[in-house]
Amino acid sequence: KLQSSISDPMTSPPPQLRSQVIALYKNLLYMGRDYPKGYAYFRDRLKSVFLKNSGVKDPDQIKVLIGRGEFVIKELEALYMLRKYRALKHRYYEKDEATTSATTSSSDKEAPTKTQ
Amino acid sequence: AAPTNILSALGTIAPHRCYGHGVEMTRHMLNERVLLVLRLFDKINPDKLTLESQFAKDLGLDSLDHVELIMAVEDEFGFEIPDQDAERLRSPEDIVQYLCDKLDVFD
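Analysis parameters
- Residues numbered from 1 in each chain as written.
- Chains lettered and ligands numbered in written order.
- Predicted model: local features only at pLDDT ≥ 70, side-chain atom pairs only at ≥ 80, totals over all residues.
- Heavy atoms only, no water.
- UniProt positions renumbered as here; feature names shortened; annotations may be inferred.
- Helix = DSSP H or I, 4+ residues; strand = E, 2+ residues; numbered from the N terminus.
- Buried < 20%, exposed > 50% of the residue type's maximum accessible area, 1.4 Å probe, protein only.
- Contact = heavy atoms within 4.5 Å.
- Areas by Shrake-Rupley, 256 points an atom, 1.4 Å probe, with all protein chains shown as cover.
- Buried area = accessible area lost by both parts, 1.4 Å probe.
- Salt bridge = Lys/Arg side-chain N within 4 Å of Asp/Glu carboxyl O.
- Polar contact = N/O pair within 3.5 Å; in protein donor to acceptor, adjacent residues only side chain to side chain.
- Nonpolar A, V, L, I, M, F, W, Y, C, P; charged D, E, K, R; others polar.
- Phe/Tyr/Trp six-rings, centres within 6.5 Å; stacked < 30°, edge-to-face > 60°.

Where an unreviewed UniProt entry is consulted, chain B appears under the name Acyl carrier protein, with the organism given as Macrostomum lignano. A UniProt comment under Function (unreviewed entry) is attached to chain B, and it reads "Carrier of the growing fatty acid chain in fatty acid biosynthesis." Note on chain B: under the UniProt heading Pathway (unreviewed entry), the record states "Lipid metabolism; fatty acid biosynthesis."

Going by the annotation in an unreviewed UniProt entry, the name recorded for chain A is Electron transfer flavoprotein regulatory factor 1, with Macrostomum lignano given as the source organism. As recorded by UniProt, the Sequence similarities (unreviewed entry) comment attached to chain A reads in full: "Belongs to the complex I LYR family."

This is the structure in structure tokens:
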């Protein structure tokens, strides 16, 4: 999921882009606290992705990368919402074949039994 | 529910009510708490840690580690530190001084 590349413009001119990147990193860390595979796993991969792009200096490209980071945040929000939905469904309703097949797709990688 | 930071885990001397004023904070206590939070941070070598050590120069932290560190301090003290304040906090001494200003600790 963390294939998006974000940059940390340590040496690029616009300082407001730098603070945007730092804010993005902070938001991603907050989101990563609930990540199914654990905070440390998420944090290590996030950091390596940011460091990989730390050399990017072109402001337009930096904005593209920031956009990708925000997309990742939206994906994580959707993931957590789906997990909560499944947890409550599992707790309060009988297992129903029709709805189970509707809410699990073949591309789902997260275990639906995790209740957090 | 009581806040789950280090201070409440160690047990306070005075009885701690959730909606009460809170524990009387001194600068010495702030030093201890900040240093403890930093020592528990896995990117910091506890042997090299002093109040004056600079995160970037002496402890070898990059700007992303710095973000995480400030988050750990935010969790301990229970309030958010805005990014523009956070980037000025370059050593434990800076953090303690900032907290003294925010928490009205005068000594």
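Looking now at the overall build of chain B. Across its full length, chain B holds five helices and zero strands. Taking all 107 residues of chain B together, 42% fall into the buried category. A fraction of 53% describes how many contacts in chain B between residues 6 or more apart in sequence connect residues 24 or more apart. Looking at chain B as shown, the accessible area adds up to about 6,500 Å², and 52% of this sits on carbon and sulfur atoms.

To continue, consider the interface of chain A and chain B. Listed as interface residues are 15 residues of chain A and, on the opposing side, 14 residues of chain B. Across the chain A to chain B interface the summed buried area is about 1,400 Å²; carbon plus sulfur atoms make up 54%. Its largest share of buried area at the contact with chain B, chain A owes to Lys-26, Arg-43 and Lys-47 of chain A, together 37% of the area lost on that side. Among the salt bridges present, the one from Asp-65 of chain B reaches Lys-47 of chain A, with a minimum N-O distance of 3.0 Å. The tally of links from chain A across to chain B stands at eight residue pairs in polar contact (both at pLDDT 80 or more). Contributing elements (two or more residues each) for the side of chain A that touches chain B: α1 (15-32) and α2 (39-52) of chain A. Top element by residues in the side of chain A that touches chain B is α1 of chain A. It accounts for seven residues. In terms of residue class, the side of chain A that touches chain B is built from nine nonpolar, no polar and six charged.

All names here are of chain A. Enumeration over the complete set of coordinates arrives at three aromatic pairs over all chains. Measuring from ring centre to ring centre gives 4.9 Å for Tyr-25 and Phe-50, while their planes differ by 70°; the resulting arrangement is edge-to-face. In this pair, Tyr-25 is assigned in helix α1 and Phe-50 in helix α2, connecting sequence segments 25 residues apart. Overall, Tyr-25 belongs to the buried group, its relative accessible area being 0%. For Phe-50, a relative accessible area of 0% translates into the label buried. Seen from their ring centres, Tyr-35 and Tyr-41 are 6.3 Å apart, and the 10° between their planes marks the pair as stacked. What makes Tyr-35 buried here is its relative accessible area of 11%. Overall, the relative accessible area of 31% leaves Tyr-41 in the partly exposed class. Grouped by ring-pair contacts, the aromatic residues Tyr-35, Tyr-41 and Phe-42 constitute a single cluster.

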